[in-house]
Amino acid sequence: MKQFCPARSVRMSKRLNFWSLVTAVFMLCITSSAAMANFSRQENGSISGKITTSDRKPAEFATVSLDGLTNVAVDKTGTYQFKNLAPGTYTLKVSFVGQQPQVKTIVLQAGENTTADFSFSSTAKDLNEVLIVGDKYNISSRKESRYVSRLPLKNLENPQVYSVVDKELIKEQMALTLEESFRNIPGAAPAKTGAGMPAFFSRGFQTSENFRNGMATFLRTGIDLSMVDRVEAIKGPSAMLFGAAMTSFGGLVNYVTKKPYDTFGGEISYVQGSFDLSRLTADINTPVNKDKTLLFRMNLATQKENSFQDQGFGTTYAVAPSISYQVNDRLIFRLDADLQTYKGTSSTAWATGSRVTATSYDQLDLDYKRSLIDNSFVGHQSSNNVYAQAEYKISDNWTSQTNYSFSNGEYNDLLYFNQTWLTNTTIARAISVFSPEKAGRKEIQQNFTGDFKIGTLRNRLVVGLDYMSQFRNFKFTALQLDTITLNTTVKDIRLQQVENRLGNISTPQSLNKQNTYSAYFSDVINVTDNLMAMVSLRADRFMNEGTLNNLTQVKTGNYNQTAFSPKLGIVYQPIKDKVAIFGNYMNGFRNVANTTQPDGSISVFEPQQANQWEGGVKLDLMNKKLNATISYYDISVKNITRVATINNQNFTVQDGTQESKGVEIEFIGNPFPGFNFVSGYGYNDNKFKDGSPALAGKRGVGTPKNVANIWLGYTLLNGGAKGLGFGAGAIYVDDTFSNAANTFVLPKYTVIDATVFFNRPKYRVSFKANNILDEKYWISDGFYSRPQKPVNFLASLTFKF
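All values derive from a computational prediction rather than experimental measurement.

K.L.:
Go over the overall build of the chain with me, naming the residues and quoting the values.
P.N.:
Assigned secondary structure in the chain consists of 7 helices and 46 strands. For the chain, the spread of C-alpha atoms along the principal axes amounts to about 140 × 80 × 55 Å. When each of the 801 residues of the chain is scored for burial, the buried share is 51%. Within the structure as shown, the chain displays about 35,900 Å² of accessible surface, and the carbon and sulfur contribution to it stands at 57%.

Structure (structure tokens):
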């Protein structure tokens, strides 16, 4: 038996008391925590509800946000829930693609479980179509544009004709470059300049300059569609709003970049295709602050591709950030940019001489895939655009918009081959070298837009001031390389050979600067609810500082010129918002430099002028499911300069005229859910009249008489295969002349494309076949001709978030 020890007993008692105390405290903490949690659960509440459509079906994939911070997705039953909410006031916002957001304010009491239901005005089938098919071809909303007239005009209120290609159609067609989107524009024959810039022929004239968000650019690359939200083609001479430096008498192109929105989202896409095409793009959007007044979006693209010919390749990079800041309910700032670079070869440019007896390229004996160039001729091109805008709501009737754009482009170097057929079997090879070239435009524009009444007459008025400066600093050298004969061994040409020759040539660097100061107004007056008249005028002061030769330090060609550009229009709607009969008179002009004649005299010329009369009808039928535009136009051009031989000397005279007239038709629609179409046709008859005897009666180079296009798309909206879609389309372009004498033609062509895709809210898989018939065809930029891709394929995978 062990001996009892009092000290040990005391120690054990103390330990027991200590651990008992710890245990008691621990249990107290647990009990208190549980009690507090239970108290919290009793005090906190929840908000739940159901989102339905107009036909009382669940609005699956709608998004509900709480105070703009927390988002939840609606489930298949259309319900949502926010749990464990402290008492207070909450703002709920329900969003769905293509729908107007709905907002409710909820005051939540302690321990309350509140219900807040929402209902969209559209049916479940309509919402499903927007979700799966997208908002493409959405007739009324997508046709509206603040850039076309710089006024809040609907399509049926605007006396001018224009077409819109939106991002959903671009996505379905898997288009990668801007010129591919031109295939959806009635009467437009796609083209491309030697440097790769997008262009097209419309109404008998070439359009090769491109506006960006309604402002000037100076591109030296193509335009990657990863950053483009929509493409707008505005028809006819449009100098009144857009000036003369960048507009064509046949129309202009304005591409609208993607803008940030107030929720987090985006997508990442990878494309692989024929000719070793590999392309990766990313589109990321996010709010920056809690109240979502500061928004940011970034688009990125990189692409590598080889030519379909035996030589040729290119690599493209594009970066396009965009920021918007809503300062208050009256003031918003926008800032965006796009930076694009291209490294690679230029496509071969072909021309024909007077001794060629063949009448088209398909009659000449040269392999379609033979380029006669060399991959060592690698050029570096870049384009940079920056755009800033401050928009301020002065009052309920007036808005101020201040726009600034800076654009510059560079060739460093641009090396492109000019191949001229001397006879049916001999070819002269030459190379044009721009090394280097820098060019840019800066534009500042101030617009005041009003919507007000004078008596009973509603006026929608824009008054604007515009300043644009532009420069071009370049060194250009043309080298004749050699003459080759077909069916013989062709000599290799390497870059080192050309560089050695360039080193022995003293080529001047030329610098040219120009400034334009403009003021304009345009007023649309509602004489009645159904009758509207447009009155517009632009005053333009052009100041050319001349061109400086850095070798001689001599400046030549400086001159100033003033021009006025009016625009008149009338619209009558016999059936309000459904049928509009319209007519317009529009003007375009080009500044023409003074000329020093052979006898030493200086001739001061007038601006070249184009005047268009147009009339037609616009339709918006089937509850806005069918839209059509049919128009007839007549464009007369005067003050064309030409060379005339007088007393055995070549003088420049200004007596040439040209006429271009035709018909354009566009039908776009969504006649039943899941099915959409875009179609167009253009007929053009143009010829030179007075002036040069050699050109009289001749047609403009590169301008087809007939152009037709169609695209059909259908997507399954229900069932297990929901999201499976098909698309197919074609473009037909008539014969075009590739020389001013109209003796050599580019053959007519029909290009057929088709696509199949599976589109779901979180991903998209697409496959496309281009030029299914393997058509061999050439396009012209008005100077040279270029062969185009044979049959080729694309496959893409996109993840959305």
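K.L.:
Hey, could you go over unusual backbone geometry for me, with residue numbers and the actual values?
P.N.:
In this model, Asn 412 is joined to Asp 413 through a cis peptide bond whose omega is 5°. Note that Asp 413 resides in the loop between β23 (398-411) and β24 (414-421). Pro 436 follows Ser 435 through a cis peptide bond whose omega is -5°. For Pro 436, the location among the structural elements is in strand β25 (residues 426-454). Of note, the phi angle at Leu 372 is positive, near 60°, even though the residue is not glycine. Among the secondary structure elements, Leu 372 is positioned in the loop between β21 (349-352) and β22 (379-393). The phi dihedral of Gln 553 is positive, around 60°, even though this residue is not glycine. Turning to its location among the elements, Gln 553 is positioned in the loop between β28 (531-549) and β29 (554-556).

K.L.:
If you had to explain the pattern of salt bridges to someone new, which residues and values would you point to?
P.N.:
Per the stated rule, a full pass over the model turns up 32 salt bridges. Between Glu 664 and Arg 203 there is a salt bridge, with the nearest N and O atoms lying 3.0 Å from each other. Of this pair, Glu 664 sits in strand β36 (residues 649-672) while Arg 203 sits in the loop between β11 (198-202) and β12 (205-207), and the two are 461 residues apart along the sequence. Pair check on accessibility: Glu 664 and Arg 203 agree, each one buried. What you see here is one network of salt bridges that share partners, running through Arg 203, Lys 235, Glu 614 and Glu 664.

K.L.:
Tell me about the sheet that holds strand β13 (residues 210-212), and name the residues and values.
P.N.:
The strand order across the open sheet built from 4 strands is β9-β14-β15-β13, with neighbouring strands paired in mixed fashion. Of all the strands in the sheet, the pair left with one neighbour each is β9 (162-166) and β13. Taken pair by pair, the neighbouring strands of this sheet meet at an average axis angle of 20°, ignoring direction.

K.L.:
Describe the pairing of strand β20 (residues 331-344), listing the residues and the values that go with them.
P.N.:
Relative to β20, strand β19 (residues 313-326) runs antiparallel, the two sharing 11 bridges. Residue pairing across strands places Tyr 317 opposite Thr 341, the latter belonging to β20. Between β19 and β20, which pair antiparallel and follow one another directly, the connecting turn spans 4 residues. In this structure, β20 lies alongside β22, joined through 14 bridges in antiparallel fashion.

K.L.:
Account for the nonpolar core, with residues named and values stated.
P.N.:
With 30 residues, the main nonpolar core has Leu 178, Phe 182, Val 228 and Val 231 as its most contacted residues. Listing elements by their share of this core, those giving two or more residues are α4 (167-172), β14 (228-235), β15 (251-257), β19 and β24. Broken down by element, the residue count for this core peaks at 3 residues, all from β14. In contact with Leu 178, not counting residues within four places along its chain, are Pro 198, Asn 210, Ile 223, Leu 225, Val 231, Val 253 and Tyr 255. One finds Val 64, Tyr 90, Val 94 and Leu 108 within the second-largest nonpolar core, a separate group that totals 20 residues.

K.L.:
Got a sec to walk through the environment of Ala 351? Specific residues and values, please.
P.N.:
Here Ala 351 is to be found in strand β21. Considering only alpha carbons, one finds Ala 351 and Thr 420, 69 residues apart in sequence, at a separation of 4.7 Å. Setting aside its immediate chain neighbours within four residues, Ala 351 contacts Tyr 361, Gln 419, Thr 420, Trp 421 and Tyr 784.

K.L.:
Provide a residue-level description of the sheet that holds β11, including the pertinent values.
P.N.:
Sheet strands line up and pair through hydrogen bonds in the backbone, either parallel or antiparallel. The antiparallel open sheet is built from 3 strands, whose spatial order is β10-β11-β12. Only two strands of the sheet have a single neighbouring strand rather than two, namely β10 (189-192) and β12. Ignoring strand direction, the axes of neighbouring strands in this sheet form an average angle of 30°. Pairing geometry for β11 and β12, over 3 bridges, is antiparallel. Its bridge partner lying in β12, Phe 200 is registered against Thr 207.

K.L.:
Can you break down the side chain of Ser 346 residue by residue, with the values?
P.N.:
With respect to the secondary-structure elements, Ser 346 resides in the loop between β20 and β21. Those residues within four positions of Ser 346 in sequence are excluded, and the remaining contacts are Gly 194, Ile 373, Gln 381, Leu 414, Leu 415 and Tyr 416.

K.L.:
So what's going on with the side chain of Thr 114? Which residues, and what values?
P.N.:
Mapping Thr 114 onto the fold places it in strand β7 (residues 113-115). Each residue touching Thr 114, except ones within four places of it in the same chain, is listed here: Ser 46, Ile 47, Ser 48, Ile 106 and Leu 108.

K.L.:
For the packing of aromatic side chains, give the residues involved together with the corresponding values.
P.N.:
Counted by the stated rule, this structure contains 25 aromatic pairs. An aromatic cluster of at least three residues, connected via ring pairs, comprises Phe 275, Phe 308, Tyr 361, Tyr 368, Phe 744 and Trp 778. The side chain of Arg 441 reaches across the aromatic face of Phe 218, ending 4.2 Å from its centre.

K.L.:
Quick one: what's the story with the environment of Gln 100, residue by residue and with numbers?
P.N.:
Looking at the secondary structure, you find Gln 100 in the loop between β5 (88-95) and β6 (102-108). On the basis of relative accessibility, which here comes to 67%, the residue Gln 100 falls in the exposed class.

K.L.:
An account of the confidence of the model for the chain is needed here, citing residue identities and associated values.
P.N.:
On average, residues of the chain score 90 in pLDDT, and 93% of them are at 70 or above. Across residues 1-16, confidence stays below pLDDT 50; counting only partners more than four residues off in sequence or on other chains, it has 1 contact. Across residues 28-41, confidence stays below pLDDT 50; counting only partners more than four residues off in sequence or on other chains, it has 1 contact.

K.L.:
Go over the pairing of β15 with me, naming the residues and quoting the values.
P.N.:
Within β15, 7 of the 7 residues are buried, which leaves the element mostly enclosed by the surrounding structure. Side chains of β15 alternate between two faces, with Gly 251, Val 253, Tyr 255 and Thr 257 and Leu 252, Asn 254 and Val 256 buried alike. Sheet topology places β13 next to β15; 3 bridges connect them, and they run parallel. Opposite Phe 211, over in β15, you have Asn 254 as the bridge partner. Where β14 lies against β15, 7 bridges are found, and the strand directions are antiparallel. Paired with Ile 234 across the strands is Leu 252, a residue of β15.

K.L.:
Please provide a residue-by-residue account of the environment of Asp 291, values included.
P.N.:
One can find Asp 291 in the loop between β17 (277-287) and β18 (294-306). According to the relative accessible area criterion, Asp 291 is exposed, its value standing at 53%. Linking Asp 291 and Thr 177, residues 114 residues apart in sequence, is a C-alpha distance of 36 Å. Looking at Asp 291, its side chain comes within polar contact range of the side chain of Asn 289, at 2.8 Å. In this structure the side chain of Asp 291 is engaged in a polar contact, spanning 3.0 Å, whose partner is the side chain of Thr 293.

K.L.:
Hey, could you go over a nonpolar patch on the surface for me, with residue numbers and the actual values?
P.N.:
The grouping of Tyr 392, Ile 394, Phe 448, Val 463, Phe 521, Val 535, Leu 537, Phe 564 and Leu 568 at the surface amounts to a nonpolar patch, some 740 Å² of accessible area in total. Breaking the nonpolar patch down by element, the ones donating at least two residues are β28 and β30 (559-575). Tracing the sequence through the fold places Phe 521 in strand β27 (residues 510-526).

Rules and cut-offs
- Residues numbered from 1 in each chain as written.
- Predicted model: local features only at pLDDT ≥ 70, side-chain atom pairs only at ≥ 80, totals over all residues.
- Heavy atoms only, no water.
- Helix = DSSP H or I, 4+ residues; strand = E, 2+ residues; numbered from the N terminus.
- Buried < 20%, exposed > 50% of the residue type's maximum accessible area, 1.4 Å probe, protein only.
- Areas by Shrake-Rupley, 256 points an atom, 1.4 Å probe, with all protein chains shown as cover.
- Salt bridge = Lys/Arg side-chain N within 4 Å of Asp/Glu carboxyl O.
- Pairing = 2+ DSSP bridges.
- Axes fitted to C-alpha atoms, helices over the stretch in contact; angles between N-to-C directions.
- Core = buried A, V, L, I, M, F, W, Y, C linked by side-chain atoms within 4.5 Å.
- Contact = heavy atoms within 4.5 Å.
- Phe/Tyr/Trp six-rings, centres within 6.5 Å; stacked < 30°, edge-to-face > 60°.
- Lys NZ or Arg CZ within 6 Å of the ring centre and 35° of its normal.
- pLDDT = per-residue confidence, 0-100.
- Polar contact = N/O pair within 3.5 Å; in protein donor to acceptor, adjacent residues only side chain to side chain.
- Patch = residues over 30% accessible without salt bridge, like charges linked within 9 Å, V, L, I, M, F, W, Y side chains within 5 Å.

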